[in-house]
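Listed here are the chains, written in short residue letters.
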Amino acid sequence: MNSKSKYGILLISSVLVIYAIIGGMLGRVSAQNGSFQQLSIFTEVLGRIQNDYVDDPNLKTAVDGAIRGLVESVDPYGGYLSPKDVAFYKEYTGNPQKMPGIGAVLAKPPKLGYPVIISAIPGGPAAKAGLNSGDIIESIDGTTTREMNLVQITGMLAIPSGKMASLSVIRSRRPDPETVNVGREVVQPPPVEARMVENNIAYIKVPFLAPGKAQETKRQLEALLKKGASSIILDLRYTAGGDSKEALEVANLFVESGTLAYLQGQKQPKELLNADPKQALTKAPIAVLVNQGTAGAAELIAGAIKDDRRGQVVGVKTFGAGSVQKLIPLDDGFALLISTAKYFTPSGKEIQEAEPQDSGIKPTMEVRQAAEEAIDPADDQADAAPPAKAPAKDEDRQLNKAIEILKDPSKITVTKKAA
């Protein structure tokens with residue numbers, strides 16, 4: 001057997017082992033669902049490429065591509081990481097608040113193939129450069145993002161710190177990409193916004209759920225309650241990313257008892273995340289504002305309040321991102337990053353569904369903004385009909401609906417769940 005054949009067999013064996021690891025974790029490698037048959041086909045295809053392709057193929061590149069495709073087709077938030085990617089991922093997750101970036105929360109919807117901005121953090125470089133939710137990043141500094149996982153994309157947007165990143169951006173309903181130059185810098189989480197609106201309604205906006213934001217929200221809300229606030233609007237629109245622990249603490253300010261959410265995976269038993277009655281702050285009526293830029297930790301808050309029947313959730317369906325990931329070391333410093341558990345609302349709604357169109361938290365009262373655009377350009381809501389009556393310029397229809405609800409006690413759903 002020549003060295004080329006030995007190398008090919010070694011690569012095939014590596015793929016089979018990795019496939020078995022992933023499939024075993026997700027319950028996909030079984031004779032029943034035909035996975036072994038697919039492995040046989042894969043082996044045959046690789047062999048044909050090795051022996052029949054017009055040129056001598058680079059099998060390592062081919063197999064690396066197959067592994068990347070395998071992981072990302074199963075888990076859009078996962079990835080096959082090189083040693084360089086692993087080092088960045090560990091540094092980033094170890095201290096995300098000190099890592100430079102463009103100040104945007106990203107996702108990579110499978111049917112899109114490119115990263116899309118869920119939310120641009122207020123005051124960050126992306127927001128200052130005019131980037132918005134729904135913008136697609138086609139390339140970074142001339143390098144296409146199509147073959148990158150989210151860790152690699154985040155790394156390219158972080159390094160080198162202080163140097164402008166040149167992005168090719170595709171905007172909704174615009175056929176041609178445009179170049180946007182955006183800074184790479186450490187982004188400070190914006191403050192919680194709090195004020196009183198009409199009829200003693202407290203308005204709280206939490207732009208990003210960074211560590212410490214739950215306590216900041218509590219302090220701001222306490223101050224407004226002391227001023228006479230009798231009901232509350234919690235604005236979570238374009239609140240994406242952040243810390244799930246902070247989200248649960250915010251939800252606990254309004255939900256006195258019971259389950260706020262739970263975690264569960266194929267190999268992870270159901271873990272209930274319950275409210276602490278001592279941490280509840282108010283029983284005042286509440287309306288939560290959400291949209292397609294509401295993602296991740298913020299969805300836990302909306303889901304907890306909705307399922308507890310604590311108040312109305314106003315807006316449009318949220319993005320649908322809620323999983324816990326695990327880094328699995330492989331040989332030679334490579335690693336798999338894969339989701340091992342997902343967040344569920346108390347009623348059992350999976351926030352991040354297998355089918356993206358089923359993901360997210362649906363509002364109890366759907367209200368679309370005039371200029372609302374879908375995060376995923378292929379999403380059905382992108383083509384939804386506009387409101388029958390066009391709103392005035394700068395009118396916040398969702399906020400106005402929340403105020404209307406809180407003014408009318410008959411529209412506030414506060415009935416407690418059945419025991």
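All figures in this text were calculated on a predicted structure; none of them were measured in a lab. (Residues numbered from 1 in each chain as written. Predicted model: local features only at pLDDT ≥ 70, side-chain atom pairs only at ≥ 80, totals over all residues. Heavy atoms only, no water.)

Student: What am I meant to see in the packing of helix α7 (residues 213–226) against helix α8 (residues 244–254) here?
Tutor: The description of two packed helices rests on the angle between their axes and on the distance between the axes. Viewed as axis vectors pointing N to C, α7 and α8 meet at an angle of 25°, and their least axial separation amounts to 8 Å. With respect to their mutual orientation, α7 and α8 come out roughly parallel. The residues of α8 that touch α7, namely those facing Lys213, Ala214, Gln215, Thr217, Lys218 and Leu221, are Glu246, Glu249, Val250, Leu253 and Phe254. Classifying every residue of the contact of α7 with α8 by side-chain character gives five nonpolar, two polar and four charged. (Axes fitted to C-alpha atoms, helices over the stretch in contact; angles between N-to-C directions. Helix = DSSP H or I, 4+ residues; strand = E, 2+ residues; numbered from the N terminus. Parallel < 35°, antiparallel > 145°, perpendicular 65-115°, else oblique. Contact = heavy atoms within 4.5 Å. Nonpolar A, V, L, I, M, F, W, Y, C, P; charged D, E, K, R; others polar.)

Student: Explanation requested: the side chain of Gln352 in the structure shown.
Tutor: Relative to the helices and strands, Gln352 is located in the loop between β18 (335–344) and β19 (365–366). Ignoring any residue separated from it by four or fewer positions in sequence, one finds Gln352 in contact with Tyr77, Gly320, Ala321, Gly322, Ser323, Lys342 and Ser359.

Student: Would you take a moment to explain the confidence of the model for the chain for this structure?
Tutor: Keep in mind that low pLDDT regions are not for reading the predicted coordinates in detail. For the chain, the average pLDDT comes to 85, and 84% of its residues sit at 70 or higher. When the criterion is pLDDT under 50, residues 24–32 qualifies, and its contacts beyond four places in sequence or with other chains add up to 25 contacts. A low-confidence stretch, residues 415–419 (pLDDT under 50), is modelled with five contacts involving residues beyond four sequence positions or located in other chains. (pLDDT = per-residue confidence, 0-100.)

Student: Could you clarify how one ought to interpret unusual backbone geometry in this entry?
Tutor: Backbone geometry follows two general trends: most residues other than glycine have a negative phi, and most peptide bonds adopt the trans configuration. For the bond from Ile159 to Pro160, the omega torsion is 0°, close enough to zero to count as cis. Checked against the element boundaries, Pro160 lands in the loop between α6 (150–158) and β7 (165–170). A positive phi is found at Asn199, a non-glycine position, where the angle reads about 60°. Topologically, Asn199 is positioned in the loop between β10 (193–197) and β11 (201–205). For Arg309, which is not a glycine, the phi torsion comes out positive at approximately 55°. Given a relative accessible area of 46%, Arg309 falls into the partly exposed group. (Buried < 20%, exposed > 50% of the residue type's maximum accessible area, 1.4 Å probe, protein only.)

Student: Before we go on, may I ask you to explain the packing of α8 against helix α9 (residues 297–307) in this structure?
Tutor: Relative orientation of the contacting elements α8 and α9 amounts to 25°, with a least axis distance of 8 Å. One finds that α8 runs roughly parallel with respect to α9. Where α8 crosses over α9, the two elements pack in a sense that is right-handed. Two secondary-structure elements touch here, α8 through Ser244, Ala247, Leu248, Val250, Ala251 and Phe254 and α9 through Ala297, Leu300, Ile301, Ala304 and Ile305. Of the residues belonging to the contact of α8 with α9, the class tally is 10 nonpolar, one polar and no charged. (Left-handed = near helix turned anticlockwise from the far one by under 90°.)

Student: Help me out: how do you make sense of the environment of Gln152 in this one?
Tutor: Its place among the elements puts Gln152 in helix α6. Separated by 70 residues in the primary sequence, Gln152 and Ser82 place their C-alpha atoms 9.4 Å from one another. Not counting chain neighbours up to four residues away, the residues in contact with Gln152 comprise Asp85 and Glu147. A distance of 3.1 Å separates polar atoms of two side chains, one belonging to Gln152 and the other to Asp85. (Polar contact = N/O pair within 3.5 Å; in protein donor to acceptor, adjacent residues only side chain to side chain.)

Student: Help me out: how do you make sense of the pairing of strand β17 (residues 323–329) in this one?
Tutor: If a strand is regular, its side chains alternate between the two faces of the sheet. Here seven bridges tie β17 to β18, and the two strands are oriented antiparallel to one another. Along β18, the bridge assignment pairs Val324 with Ala341. Hairpin remark: β17 followed by β18, antiparallel, with five residues in the connecting loop; positive phi at Asp332, about 60°. (Pairing = 2+ DSSP bridges.)

Student: Honestly, the sheet that holds β11 in this entry has me stumped. Any pointers?
Tutor: Neighbouring strands of a sheet are bound in pairs by backbone hydrogen bonds; such pairs are parallel or else antiparallel. An order of β10-β11-β12-β15-β16-β19 is seen for the six strands of this open sheet, with the pairing classed as mixed. The open sheet terminates on both sides in strands that have one partner only, identified here as β10 and β19. Seen against the sheet, α7 touches β10, β11 and β12 (231–235) and runs at an angle of roughly 165° to β11.

Student: Please clarify how the pattern of salt bridges should be interpreted in this entry.
Tutor: Two side chains carrying opposite charge are able to pair once their charged atoms lie near each other. A full pass over the atoms with the stated rule returns 17 salt bridges. Between Arg237 and Asp396 there is a salt bridge whose closest N-O contact spans 2.8 Å. With Arg237 in the loop between β12 and α8 and Asp396 in the loop between β19 and α10 (397–407), the pair connects residues that are 159 residues apart, well separated along the chain. Residue Arg237 is classed as buried on the basis of its relative accessible area of 8%. (Salt bridge = Lys/Arg side-chain N within 4 Å of Asp/Glu carboxyl O.)

Student: Any chance you could explain the nonpolar core here in plain terms?
Tutor: Where a protein is soluble and globular, its nonpolar side chains tend to be buried together. Within the largest apolar cluster, 40 residues are counted, with the highest numbers of intra-cluster contacts made by Leu209, Leu234, Phe254, Val288, Ile301 and Ile305. Those elements that place two or more of their residues in this core are β11, α7, β12, α8, β13 (259–264), β15 (286–290), α9 and β18. Ranked by the residues each element gives to this core, the list is headed by α9, at seven residues. When near neighbours in sequence (up to four residues on either side) are disregarded, Ile301 contacts Leu209, Leu234, Leu236, Ala247, Val250 and Ala251. Counting 33 residues, the second largest nonpolar core, distinct from the first, contains Ile121, Leu131, Val187 and Phe208. (Core = buried A, V, L, I, M, F, W, Y, C linked by side-chain atoms within 4.5 Å.)

Student: I tried to follow the packing of aromatic side chains on my own but got confused; where do I start?
Tutor: What describes a pair of aromatic rings is the distance from one ring centre to the other and the angle between the planes of the rings. Applying the stated criterion to the full structure yields three aromatic pairs. Relative to Phe344, the ring of Tyr262 has its centre 4.9 Å away and its plane inclined at 0°; by these criteria the two rings are stacked. Highlighted residues: Tyr262 in strand β13 and Phe344 in strand β18, separated in sequence by 82 residues. Phe344 matches Tyr262 in its accessibility class, with the two residues each being buried. A cation sits over an aromatic face here: Arg195 above Tyr203, 4.2 Å from the ring centre. It is Lys270 that lies over the ring of Tyr262; its NZ or CZ is 4.2 Å from the centre. (Phe/Tyr/Trp six-rings, centres within 6.5 Å; stacked < 30°, edge-to-face > 60°. Lys NZ or Arg CZ within 6 Å of the ring centre and 35° of its normal.)

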